[in-house]
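# Understanding the architecture of this molecule
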Amino acid sequence: MAELHVVEDERPGMLKEIDDGAMDLIFQAIQEDIYSFPIKSFIRESISNGLDAIVERNIFFAINAGAPIENYFLQRQDNKLLKDSAYTPEYYDTKYLSSNHKVEVTYREGHPRDTISIKDNGVGLGSSRLKGFFKLGYSSKRNMKDVIGKFGAGAKAGLATGVEYFIMHTTYNGYRTSFMIFKNDYENITPQSESAKVDVWEVKMSNGSVSTREIYWTPSTEKNGVQIDLEVKKHNKTLFLEAVTQQFQYFDGKVSLRTIDDSGNSSTDTLDATPEYESKALLIPKYSTYNSPHILVDGISYGLISWDELELERRQGKIAIKVAATDVDITQSRESLKWTEKTKNTILQAITTARLEAENHIASLLTIKDTADLLSINRLYGSLGKGSGDSVGATFSTFLDMHNLSPSVSVQLTKDTAVTGYLSAPFFEFLFNGLQIKKLTLSNYQNKTKINSSRVDNFIELRGSKIIYADSSSVGPKLVAHLLQKWNVDSLVYVRPFTDTNFEGSFPVKYNKTELTAKEVRDYSIKLFKKYGDLFIDDYDVIYTEEKEEDLEKEVEVSKETAAHIRKMNKQILYTIHTDIQLDYSLDFSFKQVRIPVKIGELKNTFSSDREVVICTGSYANLGRMIEVSSIAFPKNPVLVIYVAQDVVHHFAPYGTLITDYFRTVNLQTGKLMIGKHIRNLNTWRMFYQLLRDYPEFSKNTPLLEAFTTIDIQQYKELRYNAKDITPKDMIKNGGNIGNAVLDEVFQYLEGLKVFQNVVQTADKDKIAAKALELFKSDEIYNIDAYDETFITHIKEEFERLAPIRDILTLMNENGDFKASKHLIDLLITTLNTQNDGNI
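All of these numbers come straight from a predicted model, not from anything done at the bench.

Broken down by element type, the protein chain carries 26 helices and 35 strands. Within the protein chain, the proportion of its 840 residues that are buried is 49%. Within the protein chain, contacts between residues at least 6 apart in sequence are counted, and of these 70% link residues at least 24 apart.

See below:
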């Protein structure tokens, strides 16, 4: 719901007025220049008005059935802004109101131009409301609580698309009339007839005179409603259709899109795909034109989240975050969000909500035979997410770090006391404060075996670990080595009570509002680990003789058995990396190879950073070098390519991505074609460079772009500089000595990714399946994130906006004159688009 602030006391000061000579400019500013993306804005405003009309109709039905008026209306008239928006039951007549809840959009191909129509079956425009429709700022909805629009300007957004006029038809209480609406005036175009009804209006004419006009209405059997008809230049067809599917894909079938071609063949998209998951705050669609987190403001899609603008960590996942217009800052045109602290805080809150909902969703999937087994709950929870067969969980795991999620659990500490908490660090400390819990590993130094121990202080470290518990037994290197070999792991967790024999635990401990004695909590913890741990050491019959177990930190001589096991556990394998990649003046690259030995048990720590790791065998060395060379253009997204022998790939596989999978792998649970981050970057770079070539008059002049566009100029300059202003293909070819055949195949594949993402944006399931089958030999794919859509689309839109004044920008480029007002440049562009169809 939009929020409108009104002033309580209208102060009787000296009135500001609009100069009569500037009235045309004011109309142009409000109706046209306010919109940077006029097609999207026309679609958004027109469909929103239709949805609001249907909401108003349903509100009347509810009130007419006995619901309190105050549930739906503020019922304020203490301000001039609210004078036309009180509840007026006499406006409605149930005989003429429809039960159709859809706004119907029809796109019809024609000659010389196409037409788009937007029709609702709401309450219609009649009496004083129809007169108000033609006034800028008029709104009958400002007192209503559950509608989208309130500002009284959006109904005129059609004029911003460059047309001379649009047509509005209204049906009200059995009669229909139509108007042509121009920039500064309007005309009734319903002809006089014997059956027509006539209203006589006293109106102000465009020349300033006052006159009377007869407004004719013809009888109609249609229910009340409004229809907007707008001419469309044929080359803008895709933009209009995408504006509908992108912005209104989450309205549960309340918007339908019908397309009719030249031959009269039609197809309808009901935009009613059932989401895989929906709550008050979030929505996970089955199909979506977006593949990254995006914002829904009052249900309307406002595009991708700008993580860089918010200075937040970039997240993935086709999650739609639902907010109200009151929760974020929106531009006056209602086209886009302002990335302010208010918006940032809302997004942060949404991420927190997503985290809680993800935890609850994953926790609901848990099937535990023994609900008292907290260790199994913890362990099973950590195994869910990606690859679990649950597509919602998989999406959540893409958006969040699943390994850090903490499900809510209920723990029966005593017969009479249960505590509910998240499997978090504070809950861990409360439950296990009376125990020492350590992670044990072995190392070998100067023919000595040593136990290394580190404190465990959270549930996450217990999830993948074997757990041994002892009331009194100590452990030494031989026992640890034996158990590591028995379970084929490289570490284990050792739990035992603190050795303070005087511990009575009578002092109170508290978690939230539950208070117990420390002894009661420790007794619960001891029973838990003794019963549900992997091994109770005190009862374990060791299969070898050990004269004396030593303290954890004490070294002992290595026996042959232990030494052999240590060598096995710490087996060294090799991988190769390229360092000091140098680019010379002729664009040739040199590589310095470094072979690195690593212990299998240390692989996890070796490759545990945020840097992407790509695993490459000799068969794909050229592709590996290609990734390395092209990654120079994206230093903020580093990638580490390691070259390994085929027989040791399985050791490295858990810590990176095989190069073949990096180019393409399909998640069968989500239907998503997964590609590596850098493949996505490379595709972005390829499209970016093409835009530079398509608009040579101004694309390389960053001061000019900074002056006249809203492009993220820092990101723009960084990509240009890092990519050396040369084609990606030339840079990679010279650098990696890669043959043309390999390059052609790779770049053809990249083009296929781009094409498929564009098809996905249509939300046409049949087209998506057909194109997926053609490109990737699988019709199960319906989702992909193939390039930085926000970055590329915004640059393209800004370049297209400047295109009509290429010649002027070329002159400004030569003179370096960027002092002209951005507003005047926008005005010039709009004028040229309108008068000359975009040609100078």
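On the basis of which strands lie adjacent, the open sheet formed by five strands has the order S11-S12-S15-S13-S14 and mixed pairing. If you trace the sheet from one side to the other, it starts and ends with strand S11 (277-278) and strand S14 (300-304), each paired once. Bridge analysis of strand S13 (residues 294-297) against S14 gives three bridges, and the strand direction is antiparallel. Bridge pairing in S14 links Val297 to Ile300. Here helix H8 (residues 391-399) sits on the sheet in contact with S11, strand S12 (282-284) and strand S15 (320-323), set at roughly 115° to S12.

Turning our eyes to something else, we now look at a negative patch on the surface. Taken together, the side chains of Glu309, Glu311, Glu341 and Asp712 make up a negatively charged region of the molecular surface. As for its placement among the helices and strands, Glu311 is situated in the loop between helix H5 (307-310) and S15. On the basis of relative accessible area, Glu311 is assigned to the exposed category, the value being 66%.

Let us look at the sheet that holds strand S33 (residues 665-667). Strand order across the open sheet formed by three strands is S33-S34-S35, with mixed pairing between neighbours. Every interior strand has two partners, whereas the edge strands, S33 and strand S35 (783-784), have only one. Pairing of strand S34 (residues 672-674) with S35, which is carried by two bridges, proceeds in the parallel orientation. In the strand pairing of S35, Leu673 is matched with Ile784.

Rules used throughout
- Residues numbered from 1 in each chain as written.
- Predicted model: local features only at pLDDT ≥ 70, side-chain atom pairs only at ≥ 80, totals over all residues.
- Heavy atoms only, no water.
- Helix = DSSP H or I, 4+ residues; strand = E, 2+ residues; numbered from the N terminus.
- Buried < 20%, exposed > 50% of the residue type's maximum accessible area, 1.4 Å probe, protein only.
- Contact = heavy atoms within 4.5 Å.
- Pairing = 2+ DSSP bridges.
- Axes fitted to C-alpha atoms, helices over the stretch in contact; angles between N-to-C directions.
- Patch = residues over 30% accessible without salt bridge, like charges linked within 9 Å, V, L, I, M, F, W, Y side chains within 5 Å.
- Areas by Shrake-Rupley, 256 points an atom, 1.4 Å probe, with all protein chains shown as cover.
- Salt bridge = Lys/Arg side-chain N within 4 Å of Asp/Glu carboxyl O.
- Lys, Arg positive; Asp, Glu negative; His and termini not counted.
- Charge placed at Lys NZ, Arg CZ, Asp CG, Glu CD.

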